[in-house]
Amino acid sequence: MPDFAKNFQSLKDSGVIPDIQENMLPPNVHDVISNLSPDEITVLKKIAESTGSYLTLHNKDYHFAVCGL
């Protein structure tokens, strides 16, 4: 079941994404975060931990980086 609040907080708490306000995210990124499975979140955590960096998305429509995945 989609759970944006839980997934978003988990991504922030584990350092996958910086501490940003959820209203800064475009609707499509909000939807993706809502629908992440626990296994997908684990993979994102491992990537962030092993690279020592936040994960971001580049929005092709608007050509700017948005924090997300």
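For the structure, see preceding data.
Since this is a predicted model, take the numbers as computed values, not measurements.

A.B. asks: Quick question: what am I supposed to make of the packing of aromatic side chains here?
C.D. replies: Describing an aromatic ring pair means giving the distance of the ring centres and the angle of the ring planes. The full count for this structure, using the stated rule, is one aromatic pair. Relative to F8, the ring of F4 lies with its centre 4.9 Å away and its plane at 20°, an arrangement referred to as stacked. Of the two residues, F4 and F8 are both situated in helix α1 (residues 4–13); the distance of four residues between them amounts to about one turn of the helix. Relative accessible area serves as the criterion here: at 9%, F4 is assigned to the buried category. We classify F8 as buried; its relative accessible area is 5%.

A.B. asks: Any chance you could explain the nonpolar core here in plain terms?
C.D. replies: General note: in soluble globular proteins, nonpolar side chains tend to be found buried as a group. F8, L11, V16, L25, I33 and L44 are the most contacted members of the largest nonpolar core, which totals 14 residues. Among the secondary structure elements, those contributing two or more residues to this core are α1, α2 (27–34) and α3 (38–51).

A.B. asks: What exactly am I supposed to notice about the pattern of salt bridges here?
C.D. replies: Side chains that differ in sign of charge can pair as their charged atoms come close. Under the defined criterion, the tally for this structure stands at one salt bridge. Between D19 and K12 there is a salt bridge, with the nearest N and O atoms lying 3.2 Å from each other. K12 sits in the buried class, given a relative accessible area of 19%.

Each value, and the rule that gives it
Each chain carries its own residue numbering, running from 1 in the direction its sequence is written. Where local features are concerned, this predicted model is filtered to residues with pLDDT of at least 70; where side-chain atom pairs are given and counted, the filter is 80 or more; whole-chain, interface and lining totals use all residues. As a rule here, side-chain values cover all heavy atoms of the structure and leave hydrogens and water aside. For this analysis, a ring pair means two rings from Phe, Tyr or Trp (six-membered ring only for Trp) whose centres lie within 6.5 Å, classed as stacked if their planes differ by under 30 degrees, edge-to-face if by over 60, and tilted for the remaining angles. Elements are defined by DSSP. Helices are runs of H or I of four residues or more, strands are runs of E of two residues or more, and each kind is numbered from the N terminus. Categorising residues by exposure relies on relative accessible area from a 1.4 Å probe, with only protein chains included: less than 20% of the type maximum marks a residue as buried, more than 50% marks it as exposed, and the intermediate range marks it as partly exposed. To qualify as a nonpolar core, a set must consist of buried Ala, Val, Leu, Ile, Met, Phe, Trp, Tyr and Cys residues joined through side-chain atoms within 4.5 Å. Salt bridge criterion: a side-chain nitrogen from Lys or Arg within 4 Å of a carboxyl oxygen from Asp or Glu.

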